[in-house]
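Chain by chain, the residues run as shown.
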Amino acid sequence: MTKICSKCSQELSIEQFVKDNRNPDGRTGYCYDCKMVATGLIEQYDKTYQNDPDKWVSPERNDFAYKSLKKYGIPRTLLDIGCGSGHTIRYLQWRLYGTKFYGLDLSSEAIRLAKIRVPEATFIQGALEETDFDKQFDMILLMGVIEHFPDLPTSLDKIRRIKSQIGVVYIETPNMFAFTGKEEEGQYVIDLKGEEQPEWHYTRNTWEKILRENGYTILDSLVGQFWYSEFVWIVQ
């Protein structure tokens, strides 16, 4: 089973997608030449949001993020990477007065919903690796996103380059070991909900090592309320 890269049109084998794990039907894919997410993943997310427009909405996570970031002041610009239906931006809109909000998501359906939810914000459909930004951001959110990046150094470098000099990045990621029962660190495809997207399984210490190795300074290391938001950092 193969997928076609939507940028360079080469066939992507399952091994190219997750080199040492399983992806049973090849619905998703990633081209390591183009650093481009294959179309199957986008279609998958579109279907998810069509079936459940409020997928991944969590007032508790939004509130935790806001309270954790308050001491860093009100940013001039904020980018939510993996913004989904715009629920986090909507939550922050009434708390960060004067901030210009931007959202990025793979799913065109999520972006459609976000534009309805927060018409004042700017939303972009696309992958981080292939999106060109004409500005830098004082605050960047990665909530339940970093564990999905196929190429962590490439994505983290891109984020560092679009962050302003005074900017901070809020990173929230699950403690995957608490959910899947895996014992070894690595990249696994978890198919309990039919989502079949690979996710990095790392301990808190390993995540922090990765962040430092990629040029980030950890300002805060926090513990979220749930296993799916347990690992939280504010970095610069």
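Look up a bit, the structure's there.
Residues numbered from 1 in each chain as written. Predicted model: local features only at pLDDT ≥ 70, side-chain atom pairs only at ≥ 80, totals over all residues. Heavy atoms only, no water.

Quick word on the pairing of strand β7 (residues 122-125)
Thinking step 1. Pairing between strand β6 (residues 100-105) and β7: 4 bridges, direction parallel. Across the sheet, the residue bridging to D105 is Q125, located in β7.
Thinking step 2. For the segment spanning β6, helix α5 (residues 108-117) and β7, crossover handedness is right-handed. (Pairing = 2+ DSSP bridges. Helix = DSSP H or I, 4+ residues; strand = E, 2+ residues; numbered from the N terminus. Right-handed = clockwise from strand over helix to strand, strands pointing away.)

Things to note about the environment of G98
Thinking step 1. Tracing the sequence through the fold places G98 in the loop between α4 (87-93) and β6.
Thinking step 2. Sequence separation between G98 and P75 is 23 residues; the distance between their C-alpha atoms is 8.2 Å.

Regarding the sheet that holds strand β12 (residues 218-223)
Thinking step 1. If you trace the 7 strands from one edge of the open sheet to the other, you get β7-β6-β5-β8-β9-β13-β12, paired in mixed fashion. Two strands close off the open sheet at either side, each with one partner strand: β7 and β12. Going from strand to strand, the sheet's axes swing by 15° on average, the running direction of each strand aside.
Thinking step 2. Of the pairings in the sheet, the one linking β12 to strand β13 (residues 231-235) comprises 5 bridges and is antiparallel in character. Opposite V223, over in β13, you have F231 as the bridge partner.
Thinking step 3. Relative to the sheet, helix α3 (residues 59-69) contacts β8 (137-143), β9 (163-173), β12 and β13, its axis offset from that of β9 by approximately 145°. (Axes fitted to C-alpha atoms, helices over the stretch in contact; angles between N-to-C directions. Contact = heavy atoms within 4.5 Å.)

Section: the pattern of salt bridges
Thinking step 1. Enumeration according to the criterion identifies 10 salt bridges in this entry.
Thinking step 2. Two residues, D54 and R117, come together in a salt bridge whose shortest N-O distance is 2.9 Å. Here D54 is found in the loop between α2 (39-51) and α3, whereas its partner R117 is found in helix α5, with 63 residues between them in sequence.
Thinking step 3. Relative accessible area serves as the criterion here: at 43%, D54 is assigned to the partly exposed category.
Thinking step 4. The salt bridge partner of R160 is D157, with a shortest N-O separation of 2.8 Å. Of this pair, R160 and D157 both sit in helix α6 (residues 152-162), 3 residues apart, which is roughly one turn of the helix. (Salt bridge = Lys/Arg side-chain N within 4 Å of Asp/Glu carboxyl O. Buried < 20%, exposed > 50% of the residue type's maximum accessible area, 1.4 Å probe, protein only.)

Some remarks on the packing of aromatic side chains
Thinking step 1. Going through the model one piece at a time under the given rule, you end up with 10 aromatic pairs.
Thinking step 2. Taking 5.2 Å as the distance between ring centres and 90° as the angle between the ring planes, the aromatic pair formed by Y202 and W207 counts as edge-to-face. Comparing Y202 with W207 shows no difference in burial state: the two are buried.
Thinking step 3. Judged by centre distance (5.6 Å) and plane angle (85°), the ring pair of W227 and Y228 falls under edge-to-face.
Thinking step 4. What makes Y228 partly exposed here is its relative accessible area of 33%.
Thinking step 5. In this structure an aromatic cluster arises from ring pairing among F179, F226, W227 and Y228.
Thinking step 6. Taking NZ or CZ as reference, K55 lies 5.2 Å from the ring centre of W56, over its face.
Thinking step 7. Here the guanidinium or amino end of R95 rests over the ring plane of Y91, the centre of that ring lying 3.7 Å away. (Phe/Tyr/Trp six-rings, centres within 6.5 Å; stacked < 30°, edge-to-face > 60°. Lys NZ or Arg CZ within 6 Å of the ring centre and 35° of its normal.)

Concerning the nonpolar core
Thinking step 1. In this structure, L79, I81, I159 and W207 are the most contacted members of the largest nonpolar core, which totals 28 residues.
Thinking step 2. Where this core is concerned, the elements lending two or more residues are β5 (77-81), β6, β8, α6, β9, α8 (204-213) and β13.
Thinking step 3. Sort the elements by how many residues they give to this core and α6 lands first, with 4 residues.
Thinking step 4. Once residues within four sequence positions are removed from consideration, I159 is found in contact with I81, L128, I140, L142, F149, V169 and Y216.
Thinking step 5. In terms of nonpolar packing, the next biggest core, distinct from the first, is built from 22 residues, L78, L92, L96 and I234 among them. (Core = buried A, V, L, I, M, F, W, Y, C linked by side-chain atoms within 4.5 Å.)

Looking at empty space enclosed by the protein
Thinking step 1. One pass over the structure, following the stated rule, counts 1 cavity of 30 Å³ or more.
Thinking step 2. Reported here for the largest cavity is a volume of approximately 30 Å³.
Thinking step 3. Forming the walls of the largest cavity are R61, F64, Y170, E172, G224, Q225, S229 and V232.
Thinking step 4. Of all the secondary structure elements, the ones that give two or more residues to the lining of the largest cavity are α3 and β9. (1 Å grid on protein atoms, 1.4 Å probe; cavity = no way out; pocket = protein on both sides within 12 Å on 5 of 7 lines; lining within 4 Å. Points joined across faces, edges and corners; volume = space filled by probe spheres on them.)

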